Every structure is written in structure tokens, then in C-alpha cells.
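Letter by letter, the chains look like this.
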Amino acid sequence: MPSQEEMKLAAQFEFDPLLELGKAIFDVKTMETVLPADLVQRFVAAISSGEPTSEEDQKAIADAMFTWARNLGATDFAHWFFPMRGGGGAVGGSLGAYKMDTLIDLEFGAKYANKPMKACLPYERLFQGETDGSSFPNGGLRITHSAAAFTTWDRSSPPMVVSTTLMIPCAFVTHYGKCIDEKTPLLRSADAVRTQGLRMLKAAGLASDATNMFSYLGWEQEFFVIPAELYKARPDLVNCGRTLIGKLPTRNQQADLNYFGPVPDRVAKLLDKVQAEMLKAGTPMAVKHNEVAPGQHEMSPVFCVASPSCDNNVLFMEMMNREACKLGLQVLFHEKPFAGINGNGKHANWSIGTDTGLNFFYPGKTDEAAKLFVTAIACLAYGLAQHNELVRCAVAHAGNDHRLGAQEAPPAIISLYPGTGFEAHVESICAGGELLGYKAEKKKQSTGCSAAMAVESNVEDRNRTAPFPFCGNRFEFRAVGSSQNCSFPIMICNTIMSSGMAHLSELVEGGKSLRDAVAEMYAANKHVIFTGNGYSAEWPVEAEKRGLPNLNTTPKAVATWASDKNKAIFEKLGIYSAEETEARQEVMYENYITTLGVEADTMVQMMETGIYPACAKDMAKYAGMAKMAGERQKVYEGIVDETEKLKALIADKHKASLPEEAAYLCDTVKPQMNTLRALVDKAEGLLETSLYPYPSYEALLYSHHH
């Protein structure tokens, strides 16, 4: 219970989020207060072993969860699952899916024909549910006459009460156990990390006391906040999540005024409210600040186990939209809502470690930790080099194509940045040196003044141009798109790491020493290590020399997804079957095609119903004044001509195969949209301000700041 002093403090404010930390999450800590200790131990053990929870324990857990949830005001429960909806950024909280069921059931043992009701959480419905799988993206794994699909509680991700609903995070599989969601492959990849991680530790003779392995995630979510009434007046934002036309204001981000600046009051209220609700629901939200572009912000939590962390991110996105609506605001999660200024990413800080607290990506202070660090990065380098295309596919979707390689995000070339000092150590190992010897030292740097103490610099410098840089105790996958579910890219991180650990184990089990096995892996894969400027024009040239692919569009990346090599590693690690891999590729193509199709159709509609009439009215004002009219007639007529070209291209978009249609939209339709946009944005600078039919960039980015 909060102390009297804390209650007095809380009374001075609308709310104090620190007084309700984790109040609404049914995690192991909560379970220990409402269930027998031996039951909790069995439940936790089953998460790793895969053993089913017994019917008796299911009943006890359901009863305890019901009482706990009712005390928090819950009246409904929902199996919350995560279809393969991909990125794209259109608003609506579409990453998660659920229906709400009332916390009731019938008393089937009653003697009456019409059975009376009772308030409860039926244990069978806590652990499993059923729905129509054919209505979600599934890549042909479900069709209308074979539609059954099932939700099953991810026991590693705690339920939580959000408003009046008990949310139960779930995996989602077909009648035949095929995954048609984001969570199931992530959970399978976590099993692979456990299996291959423990195998590698045994082969290397390290951390003999470890009995379990985990992957961890700490996400950094970027987003824009704009006035809701202006959002509703932009058909492109409503339908596409990004502006298809729009001229930058004269002051945008070039003066570096927004980054870490004071958060506008209306937005601050939103961030504070969402932070409080997330803390209550068990997410350790720790950071909120302004980002680089005007109207852009970021929030992030402390890391936790990957599966619940991914769920927390989806909850955050849903909650942001819900709470923003109450304040007359709208949140944009698209990777590039506004052309010409920074877009949104979702940096995924990823690591793996043992149940004994040993972090594979922390150099540590002992020889064992240092040796593990060098060995682990050899496994990661192997994964990134041998499965480079998979990592690129993890962040491939229409929205992210606008961001990757745009001097604000890493290039589409996937490389590893372990630091310049570590790169030198890799060369030493390849030349015959020992695994130990890397000096992971943090050095004191003087500030040059007496009032401010010396700072402790990191082991390695930060490289913001790298897609996969080392950050002291983790690697940051910086290429993840802001509208994505983190589950997919983190599943790929787990996959490639598991592949590397399996390969190293095979080498050592085959008779090589650990030193020689690590050296062999570095020698074969060090071409993926790059410590230079990823934004430079020289890097793509150098990457090509190294044999690293530059899959700079989604269709190019997705074309590599279902290769024989990729199917083989997925099947070897138990993450995807060949059929599931092909289904995922089909879903990625469909998502891209749908996104581009909606954008093209929306653009034409905006021309014909908004821009054409505005141009005509503006042109009429200059009748007989050719000198003052300037190039208006040429620009306005050019808009009509380019729109007609776009319409003709759209009419011809249907091709014989999904890859052909995706490539056509990318290489033919999208460039025409850019050509048309250039003319429309020029026209915006010519039109009488009152005639422009849509809210301007200036209004969208700044009007809610005051």
C-alpha cells in the first residue's frame, strides 16, 4: 500500500503512475500471491519444457485470474493475437486482433432447461479459443471451406487488464497447427535460441550452470502526433497513413530545434497518460521525448523477454491511438508520414542470455564472459553473413522503403558494426591470436571544466548509420519500421543467431578447438563487418565487392524469402515448415501490392476531387493577366496529364503473378506517383492559400503546439 506521504504527493497531481506499477498484470509475481507455490513452479517449468498445464492447474489458474481481474474492474476477457498484417502504417491499431467475451458462463449442472448464468472465467476458454482463420492474411493456408483456426495462450506472456478487458496474449494456428501469425514463429525461435544456445555453451565449455536461455527486446517507438481534425481532412493520411502530396514549410527540421526540446502541452498530456496506463499494465515505460522532426516523438521501455516485449509494443500503439482520440489528437506510426523530414523507426535492442544472468553480448569482467562475448559475435556474424537476405526481409514492407537509406536510417545493405576496436580483435584472431585479448575498457573523458565531472565513454563509439550496431550490452536492429510488429524482425534475429550457434557447435563437436572454430567462422564471415559510414556513397560500391546484397526495395527482398537455403534453416531450427515459409512470402507480396494499390487510387481521387477544382479556381483569377499567372497554366495542366498517365498505369497493374505485380507497382506506378507529386507540390506554392484543399504540412506539424 502507498504510504501517507506518497498519497499526499499523488493528490497534488491528476495521477501518479509510480503508485500503480504492475497493478494490472498477471505475471509470475502476481501468481505467487494468489496461487500455491508448487503450482506456480509447475507452470513456469512448463513454459520451457513445453509440457501442457494439467486440467487441475488450469482450473485453479482460471479461478485465481478471474478473482484478480474482477477486483480490477474487468467484465470481459479477450484472446489477443497477432495476424500477419505486416507494416504499412495505416492507423487503427491493426497489429493486434481480439474479440471481447463477457466473463460469464452457464451453470450446465443446473436442473433447469434454460441454464442460469454465473460470473466466471471458464478454464477451457482461458487456454484455448477458436475463430475463422480464412479472414486473416494466411498465404493460402486457410480458405473459406477450410477455415478453422485456434488461439492458445502464450504462457510466457502475462495477461493484463486494460480498461475493463482481461487481455490474454495468444499464438494463432490453423486446424493443422500451421502458424498464421507473428507470435508463433517468435516463440519457436525462442525455443531454437534455448536449444542451440545451451548446446553451444556445452560445446564451448562455458556457463555449465546454465539451464535455460532467453532472448530479450527493448524497443524505441517513434511516431508523429497531429491534430485529429486535420488528420480527418487528409484522405491520404486516413487511407494510407502517409501524405501523398505536401510541401514542406520553410522551417522544418533544418535548425535542429525539435530534438529533445520541450514537449508541447497537449502532446505531453497524451504521453503522460499512456505512460501511466502502460506502467499499470506491467510495461516498464521509461523514456519519452521529442524526436528530430517537428511533431515527432519517441517513447520506450526498459527491456524484457522478447515475446511479452513485442506484445507490450502492440499494446502501446493501440493505447496511443485510443488516448489520442480523447485529446483531439491522432498518432501516425507510418515510416514516412511526411516527405522531406525524418520518418519513424522502431529500434529493436536485442540480446540473448542465460537464466544465470550471463549476457552473450556483454564483454564482462571475467575470462569466461570475455570468451563468450567473442564467441557469440562470431555466431552473429555467421548468421548475418549466411542469412543476409532473411535479415533484410525482416524489415521489408512498403512503408520502410521510404525510410531505409534515406540519410535518416540505415541502408538496405545489412552489415554488422561491433566497433572498430573489436574489428581489430577479429583480425588478430584470424591471424592466429587467442580469443581473449579484446580490451573492453570504458575510459574517462575530461569535460575540461571543474564543475562537470569526467564522463565514462562506452567501450565502442556509437554508429547510427549501421543497421546492426553494438551498444555496450546488446545489438540494436535499427532498420525495423515503426508500423511493424517487433515479433517478425526479432524472430529473424533469433533464427540467424541460432543458426550461428548450431554451426559453431557442429565445428567443435567435430573435433575443432573453440579458438579454431571461432577463427574459422570469423574468417569466412568477416566481410559482413563494416565500421565505416553507412550513409556514404562509397559503401554500396564496397558492399558489392564484398558480395553483400543491396535489396533496396521490398519486391527485391521478398523474392529471396522462400529460397531453398532459407527453407532449410527454418526447417532445421523448427521455426517454419516449407509450406509456412511460402505462405509468409505470399502474405508479404499481398501486403505490398495492397498498400501500393490503395496509395495510387487515393492519389488519383485527391487529384480529381481536390487539386483539379482548386487549380481551376486559382487559374480563373488570372484571366487576362498572363504575366502574373506565370507558369500556373503549365503546372496545372501538367497535373492533369500526369494523373491520366497514372490512371492508365493503375488500370494495367494486374499481372500473372504476385512478384510481377509487386515489381510493376514498385518500378512503374510508384515513380509515376512521384512525378505527379512533384507537380502538385509545386502547385501548392502557387495556389492562393485559401484554395489549397487539404491541411498543409505547416498546419499538420505545428498547429497543435500552441
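For the structure itself, look to the data block above.
Scoring rules and cut-offs
Residues numbered from 1 in each chain as written. Predicted model: local features only at pLDDT ≥ 70, side-chain atom pairs only at ≥ 80, totals over all residues. Heavy atoms only, no water. Helix = DSSP H or I, 4+ residues; strand = E, 2+ residues; numbered from the N terminus. Expected span 1.5 Å × (residues − 1). Buried < 20%, exposed > 50% of the residue type's maximum accessible area, 1.4 Å probe, protein only. Pairing = 2+ DSSP bridges. 1 Å grid on protein atoms, 1.4 Å probe; cavity = no way out; pocket = protein on both sides within 12 Å on 5 of 7 lines; lining within 4 Å. Points joined across faces, edges and corners; volume = space filled by probe spheres on them. Nonpolar A, V, L, I, M, F, W, Y, C, P; charged D, E, K, R; others polar. Axes fitted to C-alpha atoms, helices over the stretch in contact; angles between N-to-C directions. Parallel < 35°, antiparallel > 145°, perpendicular 65-115°, else oblique. Left-handed = near helix turned anticlockwise from the far one by under 90°. Contact = heavy atoms within 4.5 Å. Polar contact = N/O pair within 3.5 Å; in protein donor to acceptor, adjacent residues only side chain to side chain. Phe/Tyr/Trp six-rings, centres within 6.5 Å; stacked < 30°, edge-to-face > 60°. Lys NZ or Arg CZ within 6 Å of the ring centre and 35° of its normal.

## Some thoughts on helix α15 (residues 487-509)
Piece 1. Here α15 is 23 residues long and its end C-alpha atoms lie 32 Å apart, about the 33 Å a rise of 1.5 Å per residue gives.
Piece 2. Of all 23 residues that make up α15, 20 are buried, and the element is covered over most of its length.
Piece 3. With its phi angle positive at about 120°, Gly511 sits one or two positions after the end of α15.

## A closer look at unusual backbone geometry
Piece 1. For Asp256, which is not glycine, the phi torsion reads 55° and is therefore positive.
Piece 2. Relative to the elements of secondary structure, Asp256 occurs in the loop between α8 (235-240) and α9 (265-280).
Piece 3. Despite not being glycine, Phe260 shows a phi value in the positive range, around 65°.
Piece 4. Mapped onto the fold, Phe260 is located in the loop between α8 and α9.
Piece 5. Note on Phe260: relative accessible area 57%, which makes it exposed.

## A look at the pairing of strand β9 (residues 213-227)
Piece 1. Counting buried positions along β9 gives 14 out of 15 residues, so the element sits mostly inside the fold.
Piece 2. Two elements, β9 and strand β12 (residues 304-305), share 2 bridges in a ladder whose sense is antiparallel. Paired with Leu217 across the two strands is Cys304, which belongs to β12.
Piece 3. Here β9 runs beside strand β11 (residues 296-301); their pairing, made up of 4 bridges, is antiparallel. Bridging across to β11, Phe223 finds its partner in His297.
Piece 4. With 4 bridges joining them, β9 and strand β13 (residues 329-332) adopt antiparallel strand pairing. Note that in β13 the partner of Ile226 across the bridge is Gln330.

## Re the layout of surface pockets
Remark: the empty space left among the atoms is shown by a probe the size of a water molecule rolled over them.
Piece 1. The space that makes up the largest pocket amounts to roughly 1,300 Å³.
Piece 2. Surrounding the largest pocket, 49 residues form its lining, Ile47, Asp154, Arg155, Ser156 and Ser157 being those nearest its centre.
Piece 3. For the lining of the largest pocket, the elements supplying multiple residues, two or more each, are α2 (28-34), α3 (37-49), β6 (148-153), β8 (165-174), α6 (183-204), β9, β12 and α10 (306-326).
Piece 4. Counted by class, the lining of the largest pocket contains 26 nonpolar, 16 polar and 7 charged residues.
Piece 5. Approximately 930 Å³ is the volume attributed to the second largest pocket.
Piece 6. Around the second largest pocket sit 41 residues that line it, and Glu220, Asn349, Cys471, Asn473 and Arg474 are the ones nearest its centre.
Piece 7. At the level of elements, β9, β10 (285-290), β11 and β14 (346-354) are the ones that each hand at least two residues to the lining of the second largest pocket.

## What about the packing of helix α20 (residues 578-620) against helix α23 (residues 658-684)?
Piece 1. At a minimum axis distance of 10 Å, the contact between α20 and α23 shows a crossing angle of 30°. With respect to α23, the element α20 is oriented roughly parallel. In the packing of α20 onto α23, the handedness of the crossing is left-handed. Mapping the contact onto sequence places Glu586, Tyr589, Glu590, Tyr592, Ile593, Leu596, Glu599, Ala600, Met603, Met607 and Ile611 in α20 and Leu658, Pro659, Glu661, Ala662, Leu665, Cys666, Val669, Lys670, Met673, Leu676, Arg677 and Val680 in α23.

## With respect to the side chain of Asp101
Piece 1. Note on placement: Asp101 falls in strand β2 (residues 101-102).
Piece 2. Of note is the side chain of Asp101, whose polar atom sits 2.9 Å from the side chain of Lys99.
Piece 3. Ignoring sequence-local partners within four residues, the contact set of Asp101 consists of Thr75, Asp76, Phe77 and Arg125.

## Description of the packing of aromatic side chains
Each aromatic ring pair is summarised here by two numbers: the centre-to-centre distance and the angle between the ring planes.
Piece 1. Applying the stated criterion to the full structure yields 32 aromatic pairs.
Piece 2. On the numbers, 5.3 Å between centres and 80° between planes, the contact of Phe81 with Phe136 is edge-to-face. A residue pair is termed long-range when its members are at least 10 positions apart, and Phe81 in the loop between β1 (76-80) and β2 and Phe136 in the loop between β5 (128-132) and β6 qualify at 55 residues. Each member of the pair, Phe81 as well as Phe136, carries the same accessibility label: buried.
Piece 3. Look at Trp219 and Phe316: their rings are 5.6 Å apart centre to centre, the planes differ by 45°, and that puts the pair in the tilted class. With Trp219 in strand β9 and Phe316 in helix α10, the pair connects residues that are 97 residues apart, well separated along the chain. Both residues of the pair, Trp219 and Phe316, belong to the buried class.
Piece 4. An aromatic cluster is present here, built from Trp350, Phe361, Phe373, Phe422, Tyr438, Phe468, Phe470, Phe475, Phe477 and Tyr522 joined pairwise through their rings.
Piece 5. Above the face of the Phe488 ring, Arg584 is positioned so that its terminal group lies 3.9 Å from the ring centre.
Piece 6. A cation over an aromatic ring shows up here: Lys655 above the ring of Tyr664, its NZ or CZ 4.2 Å from the ring centre.

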